[in-house]
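# A structural walkthrough
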Amino acid sequence: MSGGVVWGGRFVGGPDPAMMEFTSSLGVDMRLLPQDVAVTKAHARTLVKAGLLEAMHLEAIDDALDELLDGWREGTIAPSPQDEDVHSFVERWLTESLGDVGKSIHAGRSRNDLVATDLRLWCKQASAELDASLCSLLSAIADVAEEQAGTVVPGYTHLQRAQPVSLGFHLLAHGFALARDRIRLQHAAVTADVSSLGAGALAGSTLGLDPEVAAKELGFKGTFDNATDAVADRDFAADLIYACALIGTHLSRLGEEVVLWTSSEFGFASLSDEWSTGSSMMPQKRNPDVAELIRGRAAGSISDLTGLLILLKGIPLAYNRDLQEDKGYVFSAVDRAGPCMDAMASLLKALRFKDEVTLAAASDGPLWATDVAEYLVRSGIPFRTAHEATGKFVGSYDPDAVSLEYVIEGVDVTAIVERGAATSVDERSGPGGPSKSAVLEQVRMLRERAG
Ligand code: ARG
């Protein structure tokens, strides 16, 4: 290896150390060492099947790779500045450990198909780990929703009080949005579940390698359809980051509501001391920083998604070095999503809701107006007429006036006006509605989706 690099042969002068430092991806891609080790072991088996490596060398290769992984984890083995990336580090280690056997390992393989395969393995595992955090969050939402199935709160449109609902119902709306993110994570795992190994630099090789061998070893469901696509494709990474970005967006909306609920203006809830923060200057402050950070971190998830898409959009086929930058986006999106989900689960459990305040808010103002219009409809009045008449009634309604009965369009609606928000909620008992029985059914459904 002239100049100590894996591509040094055609160069007379060695690479400038400054260039090596600039082009190196070691700082980011050492995280792929376990995957690179697994893929290298699998490739050795492909070479054996093709008759290019003797089976008796497999054990030594496996041992050397295990030693490398253990040494790296224990801090006794580290890459050197001549290693451009995790792949050159692994190959140099094998060459230094095993001589010609190590030098044989890269036959029919390029770092282009190698890095794609490593990253696919990593993404598959990351999807599964994120899914586990998401399921815990969904269970936490289901638990709180069940506890709050009968707590009456105002439901909002345009952030104006609209109709009374239950808190459990409202939380479940967040829960079902997040439950759909499981489908996206699973989809990301499916698109990642294709081995790129055997694609070589962009066009396969003359060595008669069977890509199925490594794919099976590595637990991939299938192999690539086209070698150029196999090294150029990062759609699976975009799928995973999209799942993270949408999780971030969903968490952000919930975080925003926690901020609102815990404000003095709403006063619907407070946070336990353990999950509240204070101010370094204003002694009285009690702040929902965790909710704000969850909301703020969604910006990073969305920028990771747009970052990767911008990276991909202009590059010609097949591999371009730009692709080295993909991992930063993938790692940061995944690293952010897990802790945000875990923090949200804790935050929800730390919320202390104030039932009297939420009930008063849901009872203050004519949130019964839609129920009245619907009562008129049930009494045979066309909806538009009922809506208009109720609107007029609401316009002149005085909550402080002592009145014995309210009549609209000849129908006595007193019972509907005075029956209270809790009854209004329980009357809306259709599927997916806010009544207690409907909420408990939704809790059951959410738990099922978290299973
Ligand atoms: N470190 C590169 C990456 O992460 C892989 C190396 C491919 N380099 C090349 N010159 N073909 O994408």
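Up top is the structure these notes are about.
As a convention, each chain's residues are numbered from 1 in the sequence order in which they are written. Per-residue local features are limited, in this predicted model, to residues with pLDDT of at least 70; the limit for side-chain atom pairs, both in listing and counting, is 80 or more; totals at the level of whole chains, interfaces and linings are taken over all residues. Only hydrogens and water are set aside; all other atoms, that is, all heavy atoms of the structure, feed into the side-chain values.

### Considering the site of the ligand
Spelled out, the test is: Distances are taken per atom, and a residue is near a molecule or strand as soon as one of its heavy atoms is within 4 Å of it. Within 3.5 Å is the distance limit for a polar contact, defined as a pair of N or O atoms, with the added protein rule that one can donate a hydrogen and the other accept it, and that residues adjacent in sequence qualify only through two side-chain atoms. Surface exposure here means Shrake-Rupley accessible area, sampled with a 1.4 Å probe, where a residue is shielded only by the protein chains that are shown. Going along the chain from the N terminus, every DSSP run of H or I of four or more residues is numbered as a helix, and every run of E of two or more is numbered as a strand. Note on residue categories: nonpolar means Ala, Val, Leu, Ile, Met, Phe, Trp, Tyr, Cys or Pro, charged means Asp, Glu, Lys or Arg, and polar means any other residue, Gly included.
In the neighbourhood of the ligand, the contacting residues comprise S25, D85, R111, N112, V115, Y319, Q324 and K327. Between the ligand and N112 there is a distance of 2.9 Å, counted from a nitrogen atom to a side-chain nitrogen or oxygen. Y319 places a polar side-chain atom, nitrogen or oxygen, 2.5 Å from an oxygen atom of the ligand. In isolation the ligand exposes 340 Å². Once the protein is present, 85% of that is buried. The leading source of residues in the shell around the ligand is helix α7 (residues 111–147), at three residues. Across the shell around the ligand, the residue classes break down as two nonpolar, three polar and three charged.

### Points about the nonpolar core
Convention followed: We define the nonpolar core as a collection of buried residues of types Ala, Val, Leu, Ile, Met, Phe, Trp, Tyr and Cys that are connected through side-chain atoms lying within 4.5 Å of one another. Exposure categories follow from relative accessible area, calculated using a 1.4 Å probe and restricted to protein chains: below 20% of the type maximum is buried, above 50% is exposed, and the middle band is partly exposed. A contact between two residues is defined here by any heavy atoms of the two lying within 4.5 Å.
Among the nonpolar cores identified, the biggest contains 95 residues, and L33, L137, L240, L251, W261 and L348 are the most heavily contacted of them. Tallying contributions element by element places helix α11 (residues 235–261) first for this core, with 14 residues. Once residues lying within four places of it in the same chain are set aside, the contact partners of L137 are L178, L251, M341, M344, A345 and L348.

### Comments concerning the packing of helix α8 (residues 167–192) against α11
This is how the line gets drawn: Axis definition: a line fitted to C-alpha atoms, limited for helices to the stretch in contact. Angles are taken between N-to-C directions and run from 0 to 180 degrees. By the definition adopted for this analysis, an angle is roughly parallel if under 35 degrees, roughly antiparallel if over 145, roughly perpendicular if from 65 to 115, and oblique otherwise. Handedness of a helix crossing follows the sense of rotation of the near helix relative to the far helix, less than a right angle counterclockwise being left-handed and clockwise being right-handed.
In the contact formed by α8 and α11, the axes pass within 7 Å of each other and the chain directions differ by 165°. Taken together, α8 and α11 sit at an angle that is classed as roughly antiparallel. Both α8 and α11 take part in a crossing whose hand is left-handed. Of the residues belonging to the contact of α8 with α11, the class tally is 16 nonpolar, five polar and five charged.

### Brief notes about the environment of D229
With respect to the secondary-structure elements, D229 resides in helix α10 (residues 227–232). As for D229 and A318, which are separated by 89 residues in sequence, their C-alpha atoms are 7.1 Å apart.

### Focus: the pairing of strand β1 (residues 152–157)
Stated formally: We call two strands paired when DSSP finds no fewer than two bridges between them.
Pairing of β1 with strand β2 (residues 160–166), which is carried by six bridges, proceeds in the antiparallel orientation. Residue pairing for β2: V152 is matched across the bridge by S166. In sequence, β1 turns back onto β2 through a hairpin of two residues, with H158 there showing a positive phi of about 55°.

### So, helix α9 (residues 211–218)
Listing the buried residues of α9 in full gives V213, A214, A215 and L218. Where α9 is buried, its residues touch α3 (33–49), α7, β3 (194–195) and β4 (222–223). Two to three positions downstream of the cap, the backbone nitrogen of E212 sits 2.9 Å from a side-chain oxygen, assigning the N-cap of α9 to D210. Directly after α9, the chain includes G219, whose backbone phi takes a positive value near 80°.

### A word on helix α19 (residues 436–449)
What counts is decided by this rule: Expected span of a helix: the number of residues minus one, times 1.5 Å.
Given a rise of 1.5 Å per residue, 14 residues ought to cover 20 Å, and the 20 Å separating the end C-alpha atoms of α19 matches this to within 8%. As for α19, its buried residues are in contact with α7, β2 and α8.

### Digging into the side chain of S195
Topologically, S195 is positioned in strand β3. Residue classification places S195 among the buried residues on the basis of a relative accessible area of 0%. Once residues within four sequence positions are removed from consideration, S195 is found in contact with T117, A215, F220, G222, T223 and F224.

### Overview of the packing of aromatic side chains
Operational definition: For Phe, Tyr and Trp, where Trp contributes only its six-membered ring, two rings pair if their centres lie within 6.5 Å, and the inter-plane angle classes them as stacked under 30 degrees, edge-to-face over 60, or tilted in between.
Enumeration according to the criterion identifies 10 aromatic pairs in this entry. Taking 5.2 Å as the distance between ring centres and 80° as the angle between the ring planes, the aromatic pair formed by F266 and F268 counts as edge-to-face. Comparing F266 with F268, the two get one shared label, buried. Where Y397 meets Y406, the ring centres are 5.7 Å apart and the plane angle is 65°; that geometry is what we call edge-to-face.

### As for the pattern of salt bridges
Condition: Basic side-chain nitrogens of Lys or Arg form a salt bridge, by our definition, when they fall within 4 Å of a carboxyl oxygen of Asp or Glu.
Throughout the structure, instances matching the rule amount to 27 salt bridges. The residue R295 makes a salt bridge to E256 at a minimum N-O spacing of 2.5 Å. Of this pair, R295 sits in helix α12 (residues 289–313) while E256 is found in helix α11, placing the two residues 39 residues apart along the sequence. The partly exposed category is assigned to E256, whose relative accessible area is 30%. Several salt bridges converge on common partners, so that one network encompasses E84, D85, R111 and R321.

### Brief notes about a negative patch on the surface
Short version of the rule: Patches were defined on residues exceeding 30% relative accessible area and lacking a salt bridge, with like-charge contacts within 9 Å and nonpolar side-chain contacts (Val, Leu, Ile, Met, Phe, Trp, Tyr) within 5 Å. Note on charges: Lys and Arg go in the positive column, Asp and Glu in the negative column, and His and the chain ends are not counted at all. Positions of charges follow a simple convention, taking NZ of Lys, CZ of Arg, CG of Asp or CD of Glu.
Side chains of E59, D63, E67, D70 and E74 sit close together on the surface and give a patch of like negative charge. Inspection of the secondary structure assignment puts E59 in helix α4 (residues 58–74).

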